[in-house]
Amino acid sequence: MQHIPGKGSEEGVSFTLADFLKAGEKELSLTVHTGKKGLNHEVLVPIMNRPGLALTGFFEHYAWDRLQVFGNAEVAYLRATDEYTHYTRLKGLFERKTYCVICTNGIKPPPKSIALAKEYGAVMMSTPMPTSKFTYQSAFVLEKLGAPRTSIYGTMLEVNGLGVMIEGDPGLGKSETALGLIKRGYSLIADDLTCIRKDVANNCLFGSASQSTAGFMEIRGIGIMHVPSVFGISAIRGEKRLQLVLTFKRLAEVKGEIDRIGQTRRVRTILGVDIPNIIIPVSEGRDLVNLVETATYQQKLIMSGFNPVEVLSERLRCRAEEQPKGKRAKNG
């Protein structure tokens with residue numbers, strides 16, 4: 001699915017019917033019958049709604065701010081009414097600010113309905129998809145379009161099955177480290193700038209590259225490189241869940257900040273979601289590729305429920321309790 005650029009926020013991104021039409025071009029097979037000027041209308045609530053009782057003239061609690069879906073039931077009901085009732089019921093919907101109607105199952109809106117929608121500046125579309133499949137697929141399109149999102153300066157990869165973002169000041173070797181990981185068989189997701197999308201339902205984040213830079217990376221001294229052309233198509237990924245943030249910092253900047261045994265778990269909060277964060281000191285001679293790879297092994301171990309610090313602490317406590325009291329005092 002194509003990504004429509006929008007302003008990042010924790011509440012979500014606003015988008016128009018034109019954005020929805022473009023994003024669902026392949027998945028939803030929508031055809032616009034009237035209201036092309038109305039495609040600039042903002043989608044107020046990104047949810048599909050079947051008007052139901054509103055077609056009978058009962059408009060209390062009618063969700064006019066959603067996209068209205070006419071399936072077989074709605075169309076059959078309108079066809080069973082006389083021409084005057086058919087007209088007045090549809091007019092009642094548009095009078096109450098309905099701005100988009102989508103007919104499913106390959107049903108083409110009758111000319112009078114199209115004329116009525118045109119009169120009120122509403123958009124009328126159709127799709128050959130069955131109603132249930134269309135509402136299911138459109139939910140994913142709408143969720144991706146309206147999801148909270150932002151962009152972060154950092155390089156993201158898939159390493160050992162984890163989505164890992166490497167961030168830090170320019171010149172610390174983020175892209176060079178990513179290149180080393182790609183040569184080990186891991187995959188690049190985004191270089192330098194990572195687009196973050198929040199999955200609100202599962203409270204997690206997904207990272208991807210922008211459309212213009214996907215598959216490319218910059219290496220100082222070499223220049224711009226097209227990764228799949230050099231290393232093969234398996235060297236890139238389109239989107240991946242973000243599960244670990246590694247922050248590169250110069251060694252002089254982190255003295256006293258590093259917890260050497262890893263007892264304190266740091267997090268990086270992005271769009272309201274806490275992501276595990278590890279600070280990696282950068283100095284001459286450090287093997288950053290090896291450190292990033294090892295950090296992912298460690299994170300997967302912790303995610304499985306094994307905490308090495310707690311295990312070691314418990315082992316030392318048991319060892320101390322096993323020693324005779326006199327020997328413990330002497331050792332103390």
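Residues numbered from 1 in each chain as written. Predicted model: local features only at pLDDT ≥ 70, side-chain atom pairs only at ≥ 80, totals over all residues. Heavy atoms only, no water.

Right, let's talk about the nonpolar core for a bit. Counting 26 residues, the largest nonpolar core has Leu157, Leu181, Ile182, Met217, Leu246, Phe248 and Val292 as its most contacted members. Core analysis: the second largest hydrophobic core is formed by 22 residues, Leu30, Val32, Leu67 and Val141 among them. (Core = buried A, V, L, I, M, F, W, Y, C linked by side-chain atoms within 4.5 Å. Buried < 20%, exposed > 50% of the residue type's maximum accessible area, 1.4 Å probe, protein only.)

A separate point is helix α4 (residues 111–119). Listed in full, the buried residues belonging to α4 are Ser113, Leu116 and Ala117. The buried residues of α4 occupy an angular sector of 100 degrees when the element is viewed end-on, so they sit on one face. Facing away from the buried surface of α4 by more than 90 degrees, the exposed residues are Pro111, Lys112, Lys118 and Glu119. Buried-residue contacts for α4 involve β1 (31–34), α3 (83–95) and β5 (123–126). Glycine 121, located one to two residues past α4, shows a positive phi value of around 75 degrees. (Helix = DSSP H or I, 4+ residues; strand = E, 2+ residues; numbered from the N terminus. Arc of directions from axis to C-beta. Contact = heavy atoms within 4.5 Å.)

Quick look at the state of the cysteines now. Taken as a whole, this structure holds zero disulfides when the rule is applied. No disulfide involves cysteine 195; its sulfur sits 17 Å from the nearest other cysteine sulfur, which is in cysteine 204. (Disulfide = S-S within 2.5 Å.)

Attention now moves to the pairing of strand β14 (residues 239–250). One ladder, built from six bridges, connects strand β8 (residues 162–168) with β14; its direction is parallel. Opposite glycine 168, over in β14, you have phenylalanine 248 as the bridge partner. Where β14 lies against strand β16 (residues 273–282), six bridges are found, and the strand directions are parallel. Following the sheet pairing, phenylalanine 248 is matched in β16 by isoleucine 280. (Pairing = 2+ DSSP bridges.)

A few words now on the packing of α3 against α4. Two numbers describe how α3 lies on α4: the axes approach to 10 Å, and their chain directions differ by 30 degrees. In this view, α3 runs roughly parallel relative to α4, as classed from their interaxial angle. In terms of crossing hand, the pair formed by α3 and α4 is right-handed. From α3, Glu83, His86, Tyr87, Leu90, Lys91 and Phe94 reach across to α4, where they touch Lys112, Ser113, Leu116, Ala117 and Glu119. Grouping the amino acids of the contact of α3 with α4 by side-chain chemistry returns five nonpolar, two polar and four charged. (Axes fitted to C-alpha atoms, helices over the stretch in contact; angles between N-to-C directions. Parallel < 35°, antiparallel > 145°, perpendicular 65-115°, else oblique. Left-handed = near helix turned anticlockwise from the far one by under 90°. Nonpolar A, V, L, I, M, F, W, Y, C, P; charged D, E, K, R; others polar.)

The next subject is the packing of aromatic side chains. The description of an aromatic ring pair uses the distance of the two centres, along with the angle that the planes make with each other. For the coordinates displayed, the defined rule picks out three aromatic pairs. Considering the side-chain rings of phenylalanine 59 and tyrosine 62, the 6.0 Å spacing of their centres and the 75 degrees angle between planes classify their relative orientation as edge-to-face. Between tyrosine 136 and phenylalanine 140, the ring centres sit 5.1 Å apart and the planes meet at 75 degrees, which makes this aromatic pair edge-to-face. Here the residue tyrosine 136 and the residue phenylalanine 140 both occupy positions in helix α5 (residues 131–146), the gap between them amounting to four residues, near one helical turn. Here phenylalanine 140 falls in the partly exposed class, since its relative accessible area comes to 46%. Lying across the ring of phenylalanine 59, arginine 96 places its NZ or CZ 3.8 Å from the centre. (Phe/Tyr/Trp six-rings, centres within 6.5 Å; stacked < 30°, edge-to-face > 60°. Lys NZ or Arg CZ within 6 Å of the ring centre and 35° of its normal.)

This brings us to the sheet that holds strand β3 (residues 67–70). Across the sheet, five strands lie side by side as β1-β5-β4-β3-β2; this open sheet has mixed pairing. Each edge of the open sheet carries a strand with a single partner, namely β1 and β2 (48–49).

Side chains of Leu301, Phe306 and Val311 sit close together on the surface and give an oily, nonpolar patch of about 210 Å² of accessible area. With respect to the helices and strands, valine 311 occurs in helix α9 (residues 308–322). The class of valine 311 is partly exposed, set by a relative accessible area of 33%. (Patch = residues over 30% accessible without salt bridge, like charges linked within 9 Å, V, L, I, M, F, W, Y side chains within 5 Å. Areas by Shrake-Rupley, 256 points an atom, 1.4 Å probe, with all protein chains shown as cover. Salt bridge = Lys/Arg side-chain N within 4 Å of Asp/Glu carboxyl O.)

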